[in-house]
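What the coordinates show
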Amino acid sequence: MTKLGEVYSREEFDAGSLEKAVQDRYTQVAERGVAASGCCADDFGSGCCGEDAPSAVVADILYESDDLEVLTPEAMAASAGCGNPIGLSDAKPGETVLDLGSGGGIDCFLAAERVGDSGNVIGVDMTHAMVDLARQNAVKLEAHNVVFKLGKIEAIPLQDATIDLVISNCVIALSQDKDRVFDEIYRILKPGGRFVVSDMVVTEELPDEIRSSAEEWVSCVGGADLLSRYLGRMERSGFVNIEILSNVPMRSRSDGTDYASAVRSVTVRGWRRD
Ligand SMILES: C[S@@+](CC[C@H](N)C(=O)[O-])C[C@H]1O[C@@H](n2cnc3c(N)ncnc32)[C@H](O)[C@@H]1O
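In what follows, the accompanying structure is described. These numbers come from a predicted model, not from an experiment.

Taken together, 24 residues surround the ligand, and among them Gly 81, Gly 101, Gly 103, Thr 127 and Asn 169 come closest. Elements with a contribution of two residues or more to the shell around the ligand: helix 2 (18–32) and helix 6 (106–115). Here the shell around the ligand is built from residues that sort into 12 nonpolar, 8 polar and 4 charged.

See below:
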């Protein structure tokens, strides 16, 4: 296993071990309770950028303090998102919510508060250590309406047309097949259902050395789509009424790179036709 913060080689990237690099990184995040890099907007201050940033800092930045009161420190400890999709959604009592790349479960637990006992929440993540952590957190929080499944967002382990609302927080940028992810979201949403996803995107193509760096990929930057391409994938999958709900800078301009200002975190909503 690679060390947190280690720079992956180009050979590893070319060998197709990117998925393993993502799992290694997020196993370390789960085990050490620290955030992945690339989590920090200019407006957020200087505390949370970098692999060793405590995730409680990330959670404090992304979420309302009232929301965090219902969580345990462990549930906040692996927070590695770049937005607040559940906060920008209108999840209603009784709904079924799916969180793609649920990590330690933070957005699932916040969704569970909103949908109540008559609703339910499903988290899907491909990293064993994250699913284990999320399940432990669910026990500590007595979150009886939340389940966590091991699985990939490119092949969601759920039946067609079963979900009211799909959320995701800083995950689709990590996928090597984003078209497939949006096709899968369309498949499992009920007719008239919607998604609200937060993700890293860029406003101009990043240099080749960034896009071909596995280290940048696992930090959600190397695989970040151009915003226009990202929105185009949603349309291609059939979604309608696509709206950008938030759009903020994500890399400090003082980090020494000339592409920093092109990296953004967006939260986007789209609807499956009735
Ligand atoms: C940046 S973390 C975000 C975790 C969580 N959404 C949060 O806000 O704290 C990315 C998560 O997505 C998971 N992940 C990445 N690619 C995935 C894929 N293709 N299928 C399923 N899970 C994936 C990782 O294991 C990790 O837990």
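Moving on: the environment of Glu 235. Inspection of the secondary structure puts Glu 235 in helix 11 (residues 227–237). Owing to 12 C-beta atoms within 10 Å, Glu 235 belongs among the exposed residues under this scheme. Between the C-alpha atoms of Glu 235 and Trp 271, which are 36 residues apart in sequence, the distance is 10.0 Å.

Turning to the pairing of strand 1 (residues 96–100), a few remarks are in order. Among the 5 residues in strand 1, 5 count as buried, and that is most of the element. Residues Thr 96, Leu 98 and Leu 100 point to one face of strand 1 and Val 97 and Asp 99 to the other, with burial holding for every one of them. With helix 6 bridging strand 1 and the parallel strand 2 (residues 120–125), this β-α-β connection has right-handed handedness. Direction of pairing for strand 1 relative to strand 4 (residues 163–169): parallel, over a ladder of 4 bridges. Bridge pairing in strand 4 links Leu 98 to Val 166.

Looking at soluble globular proteins, one finds that nonpolar side chains tend to be buried together. Formed by 77 residues in total, the largest nonpolar core has its most connected members in Phe 109, Ala 111, Val 166 and Met 200. With residues near it in sequence (within four places) discarded, Phe 109 still touches Leu 71, Ala 75, Leu 141, Ala 143 and Val 146.

For helix 2, with 15 residues, the first-to-last C-alpha span of 21 Å sits near the 21 Å given by 1.5 Å per residue. Looking only at helix 2, the buried set comprises Leu 18, Ala 21, Val 22, Asp 24, Arg 25, Tyr 26, Gln 28, Val 29 and Ala 30.

Reading the values: rules and limits
- Residues numbered from 1 in each chain as written.
- Predicted model: local features only at pLDDT ≥ 70, side-chain atom pairs only at ≥ 80, totals over all residues.
- Near = placed C-beta within 6 Å.
- Helix = DSSP H or I, 4+ residues; strand = E, 2+ residues; numbered from the N terminus.
- Nonpolar A, V, L, I, M, F, W, Y, C, P; charged D, E, K, R; others polar.
- Buried ≥ 20, exposed ≤ 12 C-beta atoms within 10 Å, placed from the backbone.
- Right-handed = clockwise from strand over helix to strand, strands pointing away.
- Pairing = 2+ DSSP bridges.
- Core = buried A, V, L, I, M, F, W, Y, C linked by C-beta atoms within 7 Å.
- Contact = placed C-beta atoms within 7 Å.
- Expected span 1.5 Å × (residues − 1).

Interpretation in functional terms is not warranted from these geometric data alone.
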